[in-house]
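Here's the letter readout for the chains.
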Amino acid sequence: MTAPGRQCGDCTLCCKVMAIEELAKPVNAWCAHCRPGHGCMIYANRPAECRTFACVWLVNELLEEHWKPSKSKLVLTTSEDGLEVRCDPGFPDAWRKEPFRSELREWAVSGEAPDMTVVVIVGQRMTLVTSEHEFDLGIVGPDERIELEGTKVVNATVVKASDLEQ
Ligand code: SF4
Ligand code: SF4
């Protein structure tokens, strides 16, 4: 549910950074139906994936106004592992700017105890943000998972999901 006072307005960034399976739209490419900065040209008939999607900024008023994706160039979503931060590839360093970087660090600190990770995705590259380090995980495929060492992260590696299950 949308947070009070929040609406997409001039933001259309999820229509670029997210993949839409039903449209065979890859990540980091504008959807053919998007008018960037204006909205969806097939709004009434948009795919179910689009209807059900809402970024964290839209639904959580605890995320302050400066995180609005059209301004921050960052689209936040949650996964079972924690927080995923997708950076507009046109602004690959957006997440390193302040106050974003410091806030990501703070969330990484508070996520350590409940085992929630903060991952930044720029293009195909992923970076794990921890309280003290940033781990470049390289290109992480859809069937790969991050494996962490220790309660305080000392190292992170990427392994195939099928290897984890063994
Ligand atoms: S990124 Fe969030 S605020 Fe922007 S259009 Fe998508 S759901 Fe709306
Ligand atoms: S169909 Fe519409 S809502 Fe869905 S990605 Fe394309 S422009 Fe965005």
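### Re helix 5 (residues 100-112)
Next, step 1: The terminal C-alpha atoms of helix 5 lie 18 Å apart, and with 13 residues this matches the ideal 18 Å at 1.5 Å per residue to within 8%.
Next, step 2: Among the residues of helix 5, Phe100, Glu103, Leu104, Ala108 and Gly111 are the ones counted as buried. End-on view of helix 5: buried residues confined to an arc of 145°, all on one side of the axis.
Next, step 3: Considering only its buried residues, helix 5 is in contact with helix 4 (69-72), strand 3 (74-79), strand 4 (82-87), strand 5 (117-122) and strand 6 (125-129).

### Regarding the nonpolar core
Next, step 1: Judged by nonpolar contacts, the single largest core of 25 residues is most densely connected at Trp67, Leu74, Leu76, Trp95 and Leu104.
Next, step 2: Elements that contribute at least two residues to this core include exactly helix 3 (56-59), strand 3, strand 4, helix 5 and strand 5.
Next, step 3: The residue makeup of this core includes at least three contributed by each of domain 1 (1-54) and domain 2 (73-165).
Next, step 4: Beyond its immediate sequence surroundings of up to four residues, Trp67 is in contact with Trp57, Ser72, Leu74, Leu76, Phe100, Glu103, Leu104 and Trp107.
Next, step 5: One finds Ile121, Leu128, Phe135 and Leu137 within the second-largest nonpolar core, a separate group that totals 8 residues.

Cut-offs and rules
Residues numbered from 1 in each chain as written. Chains lettered and ligands numbered in written order. Predicted model: local features only at pLDDT ≥ 70, side-chain atom pairs only at ≥ 80, totals over all residues. Heavy atoms only, no water. Helix = DSSP H or I, 4+ residues; strand = E, 2+ residues; numbered from the N terminus. Expected span 1.5 Å × (residues − 1). Buried < 20%, exposed > 50% of the residue type's maximum accessible area, 1.4 Å probe, protein only. Arc of directions from axis to C-beta. Contact = heavy atoms within 4.5 Å. Core = buried A, V, L, I, M, F, W, Y, C linked by side-chain atoms within 4.5 Å. Domains from an automatic or database assignment.

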